[in-house]
Structures are given as C-alpha cells and as structure tokens.
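A structural walkthrough
Here is how the chains run, residue by residue.
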Amino acid sequence: MSTTNTTGDSKDAITGSDVKISCRSVWKVYGDNADAKFQALSKHHTNANPLRQSLIDEGLIVAAADVSFDVRAGEIFIIMGLSGSGKSTMVRCLSRLVEPTSGEVLLDGEDLLSANDKELIKIRRHRMGMVFQNFGLMPHLTVLENIGFPLKLQGRSSQDRQARAKEVIKLVGLAGREDSFPRELSGGQQQRVGIARSLAVEPDVWLLDEPFSALDPLIRRQMQDEFLRLQSLLNKTIVFITHDFLEALRLADRIAIMKDGQLVQVGTPTELVLNPVNDYVAEFTKDVPRDRVITVGELAIDAANENLSKQLPEGTPTINGGTTLDSVMPLFESHPHGVSVEHKGENLGVVTPAMVIKALAQQQQPA
Ligand SMILES: Nc1ncnc2c1ncn2[C@@H]1O[C@H](COP(=O)(O)OP(=O)(O)OP(=O)(O)O)[C@@H](O)[C@H]1O
Ligand SMILES: [Mg+2]
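Remember, it's a predicted structure, so these values are computed and weren't measured experimentally. (Residues numbered from 1 in each chain as written. Chains lettered and ligands numbered in written order. Predicted model: local features only at pLDDT ≥ 70, side-chain atom pairs only at ≥ 80, totals over all residues. Heavy atoms only, no water.)

1. Here's the deal with the domain arrangement of the protein chain
Here the domain parsing of the protein chain yields domain 1 (73-92 + 116-288) and domain 2 (292-361). Measuring from the centre of the C-alpha atoms in domain 1 to the corresponding centre in domain 2 gives 34 Å. Listed by partner, the interface residues are eight residues for domain 1 and four residues for domain 2. Both faces considered, domain 1 and domain 2 share a buried interface measuring about 470 Å² in area, 70% of it formed by carbon and sulfur atoms. The largest per-residue losses of area from domain 1 upon contact with domain 2 belong to L249, T270 and L274, which jointly make up 64% of the total buried on that side. Applying the counting criterion to the domain 1 and domain 2 interface returns one residue pair in polar contact (both at pLDDT 80 or more). Among the secondary structure elements, those contributing two or more residues to the side of domain 1 that touches domain 2 are α9 (245-251) and α10 (269-274). Per-element tally for the side of domain 1 that touches domain 2: the top contributor is α10, with four residues. Its residues placed into classes, the side of domain 1 that touches domain 2 shows six nonpolar, one polar and one charged. (Domains from an automatic or database assignment. Contact = heavy atoms within 4.5 Å. Buried area = accessible area lost by both parts, 1.4 Å probe. Polar contact = N/O pair within 3.5 Å; in protein donor to acceptor, adjacent residues only side chain to side chain. Helix = DSSP H or I, 4+ residues; strand = E, 2+ residues; numbered from the N terminus. Nonpolar A, V, L, I, M, F, W, Y, C, P; charged D, E, K, R; others polar.)

Here it is, written out as structure tokens:
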C-alpha cells in the first residue's frame, strides 16, 4: 500500500485509539482446496506478490491479496475499483459474511476472526448495519415489518420494535409509507427502507455495498445528500463501496482503490487526484474537476505568507481550510485581494485569485 503526504487541510494522523476497524494482511482465496493450498504456498513465500501469483498459477481466484487498512471512528471510508477487483469481498470480510482465508480483522481492537458463532451473531446484530446493492428487502413484509425485522432478531418486543422502526422511517423520509409493501415503492424508496433497516439497530459500523448504483442519477444525488445528512446526525464509522469517483468525492473522508484483489492506494480525494501512484488510479480521477477537490487549506499553507495577510483590507472574510476552490471562487468577486483561511482555529494564511488560477492551471501528472 502506498499513501502520499498531505498538506494543508490534511486529516490528522491515525492514532491507535481512533481506529475502529483494522484489516491486517487479509487474503481471500476461492477454488478447490483453497485454504490448504494457501497454507502450503504461504510457507514458501514471504512476499505477497509472488504468493498471489503462485495461487493464481494453481488455478485459484485471489479475491483479496494481503489487504491492510484502518478505518477511523466516524470516518466515511470509500472502497473503489473496477468490477471484480475485490470490493465486495473486502466489505464482507469485515463482517465475516465472507470468511477470510488469512489475516486479521479487528473491530475496536478485538479480533473478529476469533469470535465464535454466537459472538459473531451478536456483533452483527448489535454493532453492524449492512446495506446491499439489491436492497435485500423481504417482499411479503411491510415497510414497518422489514425495518423491524433486525430488532425482532435482537429479541425486542413488538411495541419496542414498532417505536424504533417509526423513528428510523421518519429519519429517512418515509413517514406515511409504513404499511406499504416493497413492490409498491420506487427504487429510491426501497433503498431508503434498506438504509432504515440497517440503521434500526443503531450500529457503530455501517457497511454499504454500492447502495445507490441501481438508482437513476437524480435520485442517486438525493440519496447522497440524504446519506450525508444522516451521517452528520449519527456519526457512524462507514465503509462504502462505489464505482463512481464523483460519488466518492462527495462522500469520502478517504478513498481506497483496489485492483485485482490488491489495495493500490489509500488517501484523501485530493491526494488521489493530485498524486496518483500509477495510471490505474489516475484513470479513476482523470475526469474529476480539480476545483472540486483542491482545498483552500492546501493552497494557503503552501503559500504561507505574512505579508499577504497584512495587505488584506478590513472586513475580509475567513473561511475554513476544507473549503474547495469551486466554493471560494464566487467570494473573489467582492474580495478581489483574497480571503483568510483557518483550520480548527489556526490561521493558515491567505488564498488569492492568482493562487487559485495557478493551481487550476497546473496539469495533473501521474507520479
Ligand atoms: N463465491 C465465490 N466463488 C468464487 N469466486 C468468487 C466468489 N465471490 C467472488 N469471487 C471472485 O472474486 C473476485 C472479486 O469479487 P468481488 O465480488 O469482491 O468484486 P467487486 O470488486 O465487488 O466487483 P463488482 O464491482 O462487480 O461488484 C472476482 O473475480 C469474483 O469472481
Ligand atoms: Mg461488488
């Protein structure tokens, strides 16, 4: 895995206590005698790449190869990659819906892979929410019953279930549709039911596998807004899979890019756009408008210049370092000398129209 350095509005470094989910050298190999072959071959290889190749040469499918990453508490962590690159495999390994062939998955520092069946069911029912691409609703149950279902599995009373289901129904904007059946709902509404159902148990960890990909662009955009609104209220730790870089850009704190079962790069959207480690990553980001990615914090810190600060007239606004360039540009009309930039109360410097133009004019080059 390769990460790049950030500047400006970079997120703080991960410390042990921040980590919610940790994947360490996770492998998932499919095929005849996959486990035994993996055990045998892994004795001969200390490095992941030759091991992966040997497994493939044996006719096995390597869906995840030595994947390691940490997800912080409260973070939206996005996994991207071409079809078949191992995204669903990884997100399923996080809940052990897929059993990893090797490696460790830690949830709050505890090894999920050593949990017995009973413990695992408890963790899934109480601490994890999952949303699947195909909605996965039960057709013979109403909206209220679908959403109450995981609470029933938890053994909660009918009254309690109804009360909680009604709360989440309201949260996702489906009040009034409690008694509808899934077939009576639009795709977007069905996915809202899926989302409400996954939230009913108040999970700490929310896993979403391409939740919006079946929706048309307009509804998709509404669902993204809805998702961000929910996250601002609920502050879950989220692992979210998507094919769509613009979706990732809107939602992500950090993005992990997978290729052929391997993790190619993990970083903030800006890091991936400005410093892609290879052509594969660059290809994902090539159509991304730079003004929607680069933040004023990054420019201000690069150009930290006290003289510029002093030249700003009275009444110059101060904006947050995380603001992207597309949002700052309209301000230059009334503040042509630039604006002050701060992050978490610290003055980062100044951003001027000239700095923005220069940043946007630079060609992006794969590293
Ligand atoms: N049960 C299985 N048995 C054999 N191979 C499998 C199984 N599940 C997944 N695979 C293979 O593992 C690889 C990774 O699959 P995965 O579903 O994780 O990809 P993905 O990145 O989620 O793709 P998509 O974007 O199409 O959903 C693929 O080659 C797939 O064919
Ligand atoms: Mg998938």
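After that view, the rundown keeps rolling.
2. A few points about empty space enclosed by the protein
In total, this model carries one cavity of 30 Å³ or more according to the counting rule given. If you add up the space inside the largest cavity, you get close to 40 Å³. Considering the residues around the largest cavity, the lining is formed by V91, R92, S95, L97, M130, V131, F132, L207, L208 and D209. Looking at the lining of the largest cavity, the elements with two or more residues in it are α3 (87-95), β6 (128-131) and β7 (205-209). (1 Å grid on protein atoms, 1.4 Å probe; cavity = no way out; pocket = protein on both sides within 12 Å on 5 of 7 lines; lining within 4 Å. Points joined across faces, edges and corners; volume = space filled by probe spheres on them.)

3. Quick look at the site of ligand 1
The environment of ligand 1 is made up of 13 residues, and the closest members are S83, G84, K87, S88 and T89. Within the side chain of T89, an N or O atom sits 2.5 Å from an oxygen atom of ligand 1. At 3.3 Å, a side-chain N or O of H243 approaches an oxygen atom of ligand 1. Sorting the residues of the shell around ligand 1 by element identifies β2 (61-72) and α3 as the ones contributing at least two each. Counting residues per element, the shell around ligand 1 draws most heavily on α3, which supplies three residues. Partitioning the shell around ligand 1 into residue classes produces four nonpolar, seven polar and two charged. (Near = heavy atom within 4 Å.)

4. Digging into the nonpolar core
It is characteristic of soluble globular proteins that their nonpolar side chains tend to be buried jointly. Counting residues in each nonpolar core, the largest one holds 46 residues, and the members touching the most others are I78, I147, I195, W206, F227, F245 and I255. Considering every element that reaches this core, the biggest residue donor is helix α7 (residues 187-200), with five residues. When residues no more than four places from it in sequence are discounted, the contact partners of I195 are V131, V172, W206, F212, M223 and L230. In this structure, V67, V91, I241 and V266 belong to the second largest nonpolar core, which totals 30 residues. (Core = buried A, V, L, I, M, F, W, Y, C linked by side-chain atoms within 4.5 Å. Buried < 20%, exposed > 50% of the residue type's maximum accessible area, 1.4 Å probe, protein only.)

5. A closer look at the sheet that holds strand β9 (residues 254-259)
Spatial ordering of the open sheet is given by β6-β7-β8-β3-β9-β10, a layout of six strands whose pairing is mixed. Strands at the two margins of the open sheet, each flanked by one partner only, are β6 and β10 (262-267). With strand direction ignored, the average angle separating the axes of adjacent strands in the sheet is 15°. Inspection of the sheet shows β7 paired to strand β8 (residues 237-241) by five bridges, in the parallel sense. Pairing of W206 across the sheet is with I238, part of β8. (Pairing = 2+ DSSP bridges. Axes fitted to C-alpha atoms, helices over the stretch in contact; angles between N-to-C directions.)

6. Focus on the environment of K286
Structurally, K286 is set in the loop between α11 (279-285) and α12 (296-302). Taking the relative accessible area as the measure of exposure, K286 reaches 45% and is therefore partly exposed. In the structure, K286 is positioned 217 residues away from F69 in sequence and 24 Å away in space, judged by C-alpha atoms. Side chain to side chain, K286 and E283 meet in a polar contact 3.3 Å long.

7. Some words on the packing of helix α5 (residues 143-153) against α7
Look at α5 against α7: their axes get within 8 Å of each other, and the N-to-C directions meet at 30°. As summarised for this structure, α5 and α7 are arranged roughly parallel, according to the angle between their axes. Helix-helix and strand crossings are classified by hand; for α5 and α7 the assignment is right-handed. Contact residues: V143, N146, I147, P150 and L151 in α5; V193, A196, R197 and A200 in α7. In terms of residue class, the contact of α5 with α7 is made up of seven nonpolar, one polar and one charged. (Parallel < 35°, antiparallel > 145°, perpendicular 65-115°, else oblique. Left-handed = near helix turned anticlockwise from the far one by under 90°.)

8. Brief notes about the packing of aromatic side chains
One pass over the structure, following the stated rule, counts seven aromatic pairs. A cation over a ring is seen here: K28 above Y30, with NZ or CZ 5.1 Å from the ring centre. Of note, K259 hangs over the ring of Y280, and the distance from its end group to the ring centre comes to 5.5 Å. (Phe/Tyr/Trp six-rings, centres within 6.5 Å; stacked < 30°, edge-to-face > 60°. Lys NZ or Arg CZ within 6 Å of the ring centre and 35° of its normal.)

9. Describing the sheet that holds strand β12 (residues 339-343)
Spatial ordering of the open sheet is given by β11-β12-β13, a layout of three strands whose pairing is mixed. Because the sheet does not close on itself, it has two edges, and the strands there are β11 (318-320) and β13 (346-351). With strand direction ignored, the average angle separating the axes of adjacent strands in the sheet is 35°.

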